[in-house]
Amino acid sequence: MSANHEDAFFGLPEVWPRPAPPPGFDRIGEGVRIAGTVTLYRRGGDRRRGITLGDGVVLFDQVRLVVGDLALNHQADLVLGDRVWVNTGAYLSGEGGLLIEDGVLIGPGARILSAGHGIDGPPENIIDHALTYGAIRICRGAWIGAGASAVSYTHLRAHETSLHLVCRLLLE
């Protein structure tokens, strides 16, 4: 997206002033915009993993980013590449590992869940089952539409046809 288009786009959060990232973020790039209502859930610290935002990332109102406890879960990592826009009310879980490559658009209310609960065998109540984790990769240029969900072990990539750019789901 050109700088002129971005400047004319109303409702963008303010650019985060550098040099330090906001509390809870590990690294942020240049020109990152984070709405005041964005929330995080993370515990522990690990300089190699956590929450990373590339250049030109935009996080709109009510976005929730989750990595959980980095000390307990060695898969936890949430990385947004350059020019990733996450629209209002989206929920991004990096507990099982979440990589969103450059130029991805995530629609309002989208849910990307890299963790869940096991459902096989006892105990009877799901809440008592152990958590399960599986990495998610959303490739360059993909579009996750409003209200869409992606779950563990998902690989989404942009696929160009002669008329449209669409997302194709690849289970690996």
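What comes next concerns the included structure. All values reported here derive from a predicted model rather than from experimental measurement. (Residues numbered from 1 in each chain as written. Predicted model: local features only at pLDDT ≥ 70, side-chain atom pairs only at ≥ 80, totals over all residues. Heavy atoms only, no water.)

Here we take up the overall build of the protein. Helices and strands together make up the secondary structure of the protein, namely 1 helix and 19 strands. Counting the 172 residues in the protein, one finds 40% classified as buried. Counting only contacts in the protein whose residues sit at least 6 apart along the sequence, the fraction spanning at least 24 positions is 47%. When the accessible area of the protein is evaluated, it comes to approximately 9600 Å², of which 56% is carbon and sulfur surface. (Helix = DSSP H or I, 4+ residues; strand = E, 2+ residues; numbered from the N terminus. Buried < 20%, exposed > 50% of the residue type's maximum accessible area, 1.4 Å probe, protein only. Contact = heavy atoms within 4.5 Å. Areas by Shrake-Rupley, 256 points an atom, 1.4 Å probe, with all protein chains shown as cover.)

What follows covers the sheet that holds strand E17 (residues 149-151). Think of a sheet as strands paired side by side through backbone hydrogen bonds, with each pair either parallel or antiparallel. Read from one edge of the open sheet, 5 strands run E3-E6-E9-E12-E17, paired in parallel fashion. Two strands close off the open sheet at either side, each with one partner strand: strand E3 (39-43) and E17. Averaged over neighbouring strand pairs, the angle between their axes works out to 10° when direction is ignored. With 3 bridges joining them, strand E6 (residues 64-69) and strand E9 (residues 91-93) adopt parallel strand pairing. Along E9, the bridge assignment pairs leucine 65 with leucine 92. (Pairing = 2+ DSSP bridges. Axes fitted to C-alpha atoms, helices over the stretch in contact; angles between N-to-C directions.)

What follows concerns the side chain of glutamate 95. Relative to the assigned elements, glutamate 95 resides in the loop between E9 and strand E10 (98-100). Reaching out from glutamate 95, the side chain makes a polar contact with the side chain of serine 93 at a distance of 2.5 Å. Apart from the residues within four sequence positions on either side, glutamate 95 is in contact with Val66, Val67, Gly68, Asn73, Gln75, Ala76, Ser114, Ala115 and Tyr133. (Polar contact = N/O pair within 3.5 Å; in protein donor to acceptor, adjacent residues only side chain to side chain.)

Turning our attention to the sheet that holds strand E2 (residues 33-34). Strand order in this open sheet of 5 strands is E2-E5-E8-E11-E16, and the pairing throughout is parallel. Where the open sheet ends on each side, the last strands, each with one partner, are E2 and strand E16 (143-144). Where strand E8 (residues 85-86) and strand E11 (residues 105-106) come together, 2 bridges link them in parallel fashion. Across the sheet, residue valine 86 finds its bridge partner in E11, namely isoleucine 106.

Geometry of an aromatic ring pair is reported as the spacing of the ring centres plus the angle between the planes. Going through the model one piece at a time under the given rule, you end up with 1 aromatic pair. Plain terms: the ring middles of phenylalanine 60 and tryptophan 85 are 5.9 Å apart, the flat faces sit at 55° to each other, and that makes the pair tilted. Here tryptophan 85 lies in strand E8 and phenylalanine 60 lies in the loop between strand E5 (58-59) and E6, a separation of 25 residues in the sequence. By the burial criterion, phenylalanine 60 is buried, and tryptophan 85 matches it. (Phe/Tyr/Trp six-rings, centres within 6.5 Å; stacked < 30°, edge-to-face > 60°.)

Moving on to the nonpolar core. Most often, soluble globular proteins have nonpolar side chains that are buried together. If you look at the biggest cluster of nonpolar residues, it comprises 32 residues, and the most contacted ones within it are Leu53, Leu59, Leu80, Leu92, Ile100 and Ile106. Elements supplying a minimum of two residues to this core: strand E4 (51-53), E6, strand E7 (78-80), E10 and strand E15 (136-138). Apart from residues lying up to four places away in sequence, leucine 53 is in contact with Phe25, Arg27, Ile28, Gly29, Val32, Ile34, Leu59 and Leu80. (Core = buried A, V, L, I, M, F, W, Y, C linked by side-chain atoms within 4.5 Å.)

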